[in-house]
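# Working through the structure, step by step
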2 protein chains.
Amino acid sequence: MDNKKLPHDHGYHNEEEIMKNMPGEDEIAGVSEAMKQLGDPSRLRIFWLLCHCEECVLNIAAIVNMTSPAVSHHLRLLKSSGLIVSRREGKEMYYRTADTELARVLHHTIEKLGRVTCPEQHA
Amino acid sequence: MDNKKLPHDHGYHNEEEIMKNMPGEDEIAGVSEAMKQLGDPSRLRIFWLLCHCEECVLNIAAIVNMTSPAVSHHLRLLKSSGLIVSRREGKEMYYRTADTELARVLHHTIEKLGRVTCPEQHA
DNA sequence: TCAACAATTAAATAATTGTTTAATCGAAAA
DNA sequence: TTTTCGATTAAACAATTATTTAATTGTTGA
């Protein structure tokens, strides 16, 4: 990581400072893990949905047009990453977005990215 | 998508409104594509680096400790997604983050998520 | 033109992962 | 208890993808 060990010296004077502030391995892992969750279109739709309402698995499956095992699989991943939480009521499991800073940041990012990637639909 | 066609009626009165505002397929695809790019730890590190400086491939490879073909692969993906741009100077290709709203939103998200997932390091 | 260097591409491999169907688990009602 | 329904798990499969080594392209200087 030492500036002097880089193959090429382009005369930049701030490389050392940048390296010093570079995120550590654990921080990279945490951030990329969160991003990875929403890097899948199916999970992104489910997460978006659960940001706006609480629903049971069968309803989620119907809304996103997937089988319930497939939905269950994605719900497990989202839950493992701390993005959603669940609650049982009788036979049904209700899922909703977690009330955490992590989930709020990601929700906010989704809304912003939606406007950036599809500006015409947000005019 | 009609409320009445959901398997279970939980008596929610706002489902129809939610469905109406649900992101379309293209918007989901665009957002998840952007997220997917940074869902890989290697690409996340490279993107973070290029948010802070412009570098040639060999230097990037040295900094993130990867082979240049591997870095080249990720650079191509990041570039295809519009997150970074490149410039040739002599034998070297210099890469840097794109000057776009998309790249800015993602950079901002990374910084925020870093603070959320590793709060102690940002105290 | 030829040699040296930077970057990309190709081929191959390994690993991960999303989805499906079938089987199982858990809770409630008959 | 048995049945029914919702949800999860298991097994299998298909598809994608990250990485490595080797070969190739492109540019500069001898």
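Above this note sits the structure.
What counts, and where the lines are drawn
- Residues numbered from 1 in each chain as written.
- Chains lettered and ligands numbered in written order.
- Predicted model: local features only at pLDDT ≥ 70, side-chain atom pairs only at ≥ 80, totals over all residues.
- Heavy atoms only, no water.
- Contact = heavy atoms within 4.5 Å.
- Buried area = accessible area lost by both parts, 1.4 Å probe.
- Salt bridge = Lys/Arg side-chain N within 4 Å of Asp/Glu carboxyl O.
- Polar contact = N/O pair within 3.5 Å; in protein donor to acceptor, adjacent residues only side chain to side chain.
- Phe/Tyr/Trp six-rings, centres within 6.5 Å; stacked < 30°, edge-to-face > 60°.
- Lys NZ or Arg CZ within 6 Å of the ring centre and 35° of its normal.
- Disulfide = S-S within 2.5 Å.
- Buried < 20%, exposed > 50% of the residue type's maximum accessible area, 1.4 Å probe, protein only.
- Axes fitted to C-alpha atoms, helices over the stretch in contact; angles between N-to-C directions.
- Helix = DSSP H or I, 4+ residues; strand = E, 2+ residues; numbered from the N terminus.
- Parallel < 35°, antiparallel > 145°, perpendicular 65-115°, else oblique.
- Expected span 1.5 Å × (residues − 1).
- 1 Å grid on protein atoms, 1.4 Å probe; cavity = no way out; pocket = protein on both sides within 12 Å on 5 of 7 lines; lining within 4 Å.
- Points joined across faces, edges and corners; volume = space filled by probe spheres on them.
- Nonpolar A, V, L, I, M, F, W, Y, C, P; charged D, E, K, R; others polar.

### Concerning the interface of chain B and chain A
Chain B puts 56 residues into the contact, and the matching count from chain A is 56 residues. Taken over both partners, the interface formed by chain B and chain A buries close to 5,000 Å², and the fraction arising from carbon and sulfur atoms is 72%. Seen at the junction of chain B and chain A, the total is zero salt bridges. The interface formed by chain B and chain A includes twelve residue pairs in polar contact (both at pLDDT 80 or more).

### A few points about the packing of aromatic side chains
Using the criterion set out here, one finds zero aromatic pairs over all chains in the structure. A cation over an aromatic ring shows up here: Arg-87 of chain A above the ring of Tyr-94 of chain A, its NZ or CZ 4.7 Å from the ring centre.

### Digging into the state of the cysteines
Residue and element names in this part refer to chain A. Under the definition given, this model contains zero disulfides over all chains. Unpaired in terms of disulfides, Cys-51 finds its nearest cysteine sulfur in Cys-53, a separation of 9.8 Å. Free cysteine Cys-56: the closest other cysteine sulfur is in Cys-53, separated by 10 Å. The exposure class of Cys-56 is buried, given its relative accessible area of 1%.

### Topic: the packing of helix α2 (residues 25-37) of chain A against helix α3 (residues 41-52) of chain B
The geometry of α2 of chain A relative to α3 of chain B is characterised by a closest axis approach of 9 Å and an angle of 110° between their N-to-C directions. The orientation of α2 of chain A relative to α3 of chain B falls into the category roughly perpendicular. Judged by residue contacts, Ile-28, Val-31 and Ser-32 of chain A of α2 of chain A engage Pro-41, Leu-44 and Arg-45 of chain B from α3 of chain B.

### Structural notes on helix α3 (residues 41-52) of chain A
Residues and elements named next belong to chain A. Given a rise of 1.5 Å per residue, twelve residues ought to cover 16 Å, and the 17 Å separating the end C-alpha atoms of α3 matches this to within 8%. By the burial criterion, the buried members of α3 are Arg-43, Leu-44, Ile-46, Phe-47, Trp-48, Leu-49 and Leu-50. Two to three positions downstream of the cap, the backbone nitrogen of Ser-42 sits 3.1 Å from a side-chain oxygen, assigning the N-cap of α3 to Asp-40.

### Topic: empty space enclosed by the protein
Applying the stated criterion across every chain, the model contains two cavities of 30 Å³ or more. Contributing to the lining of the largest cavity are Val-105, His-108, Thr-109 and Lys-112 of chain A together with Val-105, His-108, Thr-109 and Lys-112 of chain B. Elements represented by at least two residues in the lining of the largest cavity include exactly α6 (101-117) of chain A together with α6 (101-117) of chain B. The residue makeup of the lining of the largest cavity, split by class, is two nonpolar, four polar and two charged. Looking at the second largest cavity, the residues that line it are Leu-44, Trp-48 and Ile-110 of chain A together with Pro-23, Glu-27, Ile-28 and Val-31 of chain B. Elements with a contribution of two residues or more to the lining of the second largest cavity: α3 of chain A together with α2 (25-38) of chain B. A total of three residues in the lining of the second largest cavity trace back to one element, the largest contributor, which is α2 of chain B. Residue classes in the lining of the second largest cavity are distributed as six nonpolar, no polar and one charged.

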